[in-house]
Amino acid sequence: MTLMPFERRWAVAAMQAIFPGSSDMGLADIGAMNVDGFLDEFIAVLPWRAAIGVRLAVWLVAFAPFWVLSRFATIVRLSARDRERVVVALMSSETYAIRSLALVLKTLGALLYAADDRVRTKLIPPPANSVTQIHRRRPRAA
Amino acid sequence: MNEVLPDVFPDESLPEGAVVDGDTLASDTQDAFDVVVVGSGAAGAVAAHTLAKAGWSVGVVEEGPWVRTREFGDGVYRAFKRMFRDAGTQVIEGWSYLPVLQGRCVGGSTVMNSAIVHRTPEDVLAEWAHRFGLGDAISAKALEPHFDALERDLSARAVSDEALGENNRLFLEEAGVRGLPARRMDRYEKGCRGTGRCFTGCPSAAKQGMNVSFVPWALALGARLYSSCRVERVLVDGARARGVVARSKNGRRVVLHARRAVLVAASTVQTPNLLRRSGLRARALGEHFQCHPGVGIAGVFDAPVDMGFGATQGAESVALRRTDRIKLETLAIPPELAAVRIPGAGDELMRRFGSFPHLAMWAVIVRAEAEGTVRPAWGGRDQVKLSLTRTDVERARKGLALLARMMLEAGAREVWPGLFGVPSVIQSADDVRLIEEVPADSRAFGFITTHLFGAARMSPDPRAGVVGADFQTHEVAGLYVVDSSVFPTNLGVNPQHSIMAMSRLAATRLAERRTGQSTPPANRAA
């Protein structure tokens, strides 16, 4: 299963709303990363039910502006501020299924965003250890 | 401080022809062994090694690939994709979704767990003996030599000073202040330097997962491993197990004949349906599934905590296991999982995410009373259903409230409970009551589970169980189940040690009977 191009645009818009980056903290915007490629690759390895869940989450967030903001527009047509209002509203929805689906997109975004070197270098101190390989070890039969 | 790595890891120097990779198998194939073991995780690897050491010829079949130590990265996505079942998206269905993280690779879940050592609690064994009629067959005395051997072979030891890390140290210090009995975890490791990467595969092979211990050790003794081969069914002829039929990842048919026995160690989720596909129809098959749901709580400290350094899980308290059925423990998580767990979205999330170096994460796991089912579903899927009871959720809530208090007392300037209906940030002990008042509804909690039990329960009564106390199925002679699906109940502590000891006990008893055929089920005493 793969996302259609318009579905990918919706997903990217949602993920940018969740992980917009921060110039204050030097955290990159997820939009600067290969979101399209990541989505295609990840959905391809998912079981069909999980892949359908992702697609449902994308459609949910795409059309959420209708009832969250009473705006006749998909999420890609919104300003960054309104996109954020939409995803925050979904994540704090009283309806378990809605906030669970929104969490699916947050999870997908997190797997890409927090794995990016530009982000990790800001969050994880460089290791104090150097790694050397100095001795040989063989498997043993205990 | 230098981290010294070997230039050859135990999973790199293997006997010629010991591993058949189902990803590149050229044609359909057949092979014959004394025993075929299904699964290479904690149960399968130990059974394979025990029998190989006893002189049996052993074939091991593993559904997943063998991801070598040198291939481990620190990215969660890469690990999910290559080593986790359903790429990390497996869930238990019920009143709420309960994510289940399970390994699907050589070594199974031991590749990405924290290698925590706990002997089976004696009160649990007493319950098994009396409530489930297991008597002395599965007792502390019977298991003791196996625990001893495993602890020796896998170098079980308490977390060292140099691998402790701040997340674990804070927990221990605060527990000490409160008078809550707590301790450094015992883990299977040789030379851990606290890289905090248990979850994505230990990059130095210090963690003694099955992929760098019992699997290569069994292969060194002559066993053969078929990786990336999914077992479709056990071959049963005349009510006796004769081998397995598997399908390689690239579509080849693999038939492995077993002269003496087939041992199933495919895990609590996969074993019941494999037995069903093999024709077993025991009433208890797929019933009484249990787990340990866990939920974490995060705290932000003024000083750096740096979860990227230190034992992923290095401190715990089991003081409330018997009274409240909960266990408290530390849990360092990588940035990817923190980003999911940190509340909010947009600018607020970014601001909080910037606090990651100052974040501590502790968790409560519950010895849940809830029982569920494992059934086959459309498309060959394994469907697990379970809804936590109100009492289970209340216990988790109590544990979270305690952890929140501990974090605040330890100096956290903010605690992030991660509960629906509770403010995403609490800053004072008075606010902890908001956690205590949250409805006992599992949908408000971010539970996850990795410890799975039951669904092919052990009982001497064929109406109540799938296997007898000798681990042999009641219906098919020579077919043994040696993973945690035979556990009559959950444990309240991390299960790997119990799984390995039970498997070693089963394999040892089987090896001791090598001169004759297995006793037909009908002739075995109840």
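Cut-off values and rules
- Per-chain numbering applies: the sequence of each chain, read as written, is numbered from 1 onward.
- Each chain takes a letter, starting from A, and each ligand takes a number, starting from 1, following the order in which they are written.
- Per-residue local features are limited, in this predicted model, to residues with pLDDT of at least 70; the limit for side-chain atom pairs, both in listing and counting, is 80 or more; totals at the level of whole chains, interfaces and linings are taken over all residues.
- Strands are runs of DSSP state E lasting at least 2 residues, helices are runs of H or I lasting at least 4, and numbering of each runs from the N terminus.
- Using C-alpha atoms as the atom set, the radius of gyration is obtained and then compared with a globule rule of 2.2 Å times the number of residues to the power 0.38.
- With C-beta atoms placed from the backbone, the exposure class of a residue follows from how many other C-beta atoms lie within 10 Å of its own: 20 or more, buried; 12 or fewer, exposed; in between, partly exposed.
- In this description, any two residues whose backbone-derived C-beta atoms lie within 7 Å of each other are considered to be in contact.
- In this scheme, strands are said to pair when DSSP sees at least two bridges between them.
- The source of the domain bounds is an automatic or database domain assignment.
- Under the scheme applied here, ten amino acids are nonpolar (Ala, Val, Leu, Ile, Met, Phe, Trp, Tyr, Cys and Pro), four are charged (Asp, Glu, Lys and Arg), and all others, including Gly, are polar.
- Multiply 1.5 Å by the residue count of a helix minus one, and that product is the helix's expected span.
- Throughout, an axis means a line fitted to C-alpha atoms (over the contacting stretch in the case of helices), and angles, computed between N-to-C directions, take values from 0 to 180 degrees.
- Oblique is the label for every angle not falling under 35 degrees (roughly parallel), over 145 degrees (roughly antiparallel), or within 65 to 115 degrees (roughly perpendicular).
- Each residue carries a pLDDT score, the predictor's confidence in it, ranging from 0 to 100.

Topic: the overall build of chain B
So, point 1. Counting its secondary structure elements, chain B contains 13 helices and 22 strands.
So, point 2. Computed over the C-alpha atoms, the radius of gyration of chain B is 22 Å, within 12% of the 24 Å expected from 2.2 N^0.38 for a compact globule of 526 residues.
So, point 3. Principal-axis analysis of the C-alpha atoms places the extent of chain B at approximately 65 × 50 × 45 Å.
So, point 4. Looking at chain B as a whole, 61% of its 526 residues qualify as buried.

Things to note about the overall build of chain A
So, point 1. Counting its regular elements, chain A contains 7 helices and 1 strand.
So, point 2. Along chain A, helices (α) and strands (β) appear in the sequence α-α-α-α-α-α-α-β when read from the amino end.
So, point 3. Excluding contacts between residues fewer than 6 apart, the proportion of contacts in chain A whose partners are at least 24 apart in sequence is 61%.

Overview of the pairing of strand S21 (residues 448–453) of chain B
Residues and elements named next belong to chain B.
So, point 1. The element S21 is extensively covered by neighbouring structure, given that 5 of its 6 residues are classed as buried.
So, point 2. Sheet topology note: the strand S14 (residues 290–300)/S21 ladder contains 4 bridges and is antiparallel. Counterpart to Cys291 in the pairing with S21 is Leu452.

A word on the pairing of strand S11 (residues 229–236) of chain B
Residues and elements named next belong to chain B.
So, point 1. The pairing of S11 with strand S12 (residues 241–248) spans 7 bridges and is classified as antiparallel. Note on S12: the bridge partner recorded for Arg233 is Val245.
So, point 2. Where S11 folds back onto S12 in an antiparallel hairpin, the turn is made up of 4 residues, including Gly238, whose phi is positive at roughly 60°.

Describing the domain arrangement of chain B
Residues and elements named next belong to chain B.
So, point 1. Parsing chain B into structural domains produces domain 1 (28–67 + 80–153 + 191–288 + 451–516) and domain 2 (161–188 + 290–370 + 389–446).
So, point 2. Computed over C-alpha atoms, the centres of domain 1 and domain 2 are 31 Å apart.
So, point 3. With 27 residues of domain 1 at the interface, the matching set in domain 2 holds 29 residues.
So, point 4. Of the residues belonging to the side of domain 1 that touches domain 2, the class tally is 12 nonpolar, 12 polar and 3 charged.

Looking at helix H13 (residues 496–512) of chain B
So, point 1. With 17 residues, H13(B) should reach 24 Å at 1.5 Å per residue; the first-to-last C-alpha distance of 24 Å fits that figure.
So, point 2. Counting buried positions along H13(B) yields 13 of 17 residues, so the element is predominantly enclosed.

Some thoughts on helix H2 (residues 76–83) of chain B
So, point 1. Looking at H2(B), one finds that the buried residues are B:Val76, B:Tyr77, B:Ala79, B:Phe80 and B:Met83.
So, point 2. Taken together, the buried residues of H2(B) touch helix H6 (96–113) of chain A together with helix H9 (335–341) of chain B.

Structural notes on the packing of helix H1 (residues 5–18) of chain A against H6(A)
All names here are of chain A.
So, point 1. Running from amino to carboxyl end, H1 crosses H6 at an angle of 80°, the nearest separation of the two axes being 9 Å. Between H1 and H6, the crossing angle belongs to the class labelled roughly perpendicular. Of the residues in H6, those touching H1 at Ala11, Ala14, Met15 and Ile18 are Leu105, Lys106 and Gly109.
So, point 2. Among the residues forming the contact of H1 with H6, the class breakdown is 5 nonpolar, 1 polar and 1 charged.

A look at unusual backbone geometry
So, point 1. One non-glycine residue, B:Asp306, lies in the positive phi region at around 55°.
So, point 2. Position of B:Asp306 relative to the elements: it lies in the loop between S14 and strand S15 (315–317).

A word on the packing of H1(A) against helix H5 (residues 80–91) of chain A
Residue and element names in this part refer to chain A.
So, point 1. Taken N-terminus to C-terminus, the directions of H1 and H5 make an angle of 90°; their axes are 8 Å apart at the nearest point. One element, H1, and the other, H5, form an angle in the roughly perpendicular class. Counted together, Ala13, Ala14, Ala17 and Ile18 of H1 and Ala80, Arg83, Glu84, Val86 and Val87 of H5 form the full contact between these two elements.
So, point 2. For the contact of H1 with H5, the residue count by class is 7 nonpolar, no polar and 2 charged.

Here we look at the confidence of the model for chain A
So, point 1. Chain-level pLDDT for chain A is 88 on average; 88% of the residues reach the 70-or-more range.
So, point 2. Considering only residues more than four positions removed or in separate chains, one finds that residues 129–142 of chain A, a stretch of pLDDT under 50, has 34 contacts.

Describing the environment of B:Ser428
All names here are of chain B.
So, point 1. Along the chain, Ser428 falls in the loop between strand S20 (414–416) and helix H12 (432–436).
So, point 2. You can call Ser428 exposed: it has 8 C-beta atoms within 10 Å.
So, point 3. Taking the C-alpha atoms as reference, Ser428 lies 45 Å from Gly286; in sequence the two are 142 residues apart.

Side note on the confidence of the model for chain B
Residue and element names in this part refer to chain B.
So, point 1. Considering every residue of chain B, the mean pLDDT works out to 95; 97% of them sit at 70 or more.
So, point 2. Overall, residues 516–526 carries pLDDT values under 50, and its contacts beyond four positions in sequence, including any with other chains, amount to 13 contacts.
So, point 3. In the predicted complex, the global pTM is 0.94; the interface-specific ipTM is 0.90.

Structural notes on the environment of B:Gln30
All names here are of chain B.
So, point 1. In this fold, Gln30 is placed in strand S3 (residues 29–38).
So, point 2. The exposure class assigned to Gln30 is exposed, which follows from the 10 C-beta atoms found within 10 Å.
So, point 3. Along the primary structure Gln30 and Ser155 are separated by 125 residues, whereas in three dimensions their C-alpha atoms are 37 Å apart.

Topic: the environment of A:Met25
So, point 1. In this fold, A:Met25 is placed in the loop between H1 and helix H2 (35–45).
So, point 2. What makes A:Met25 partly exposed here is the crowd of 14 C-beta atoms within 10 Å.
So, point 3. Through-space distance from the C-alpha of A:Met25 to that of A:Val119 is 9.9 Å; in sequence the pair is 94 residues apart.
So, point 4. Setting aside residues no more than four positions away along its own chain, A:Met25 makes contact with A:Lys122, B:Met350 and B:Gly354.

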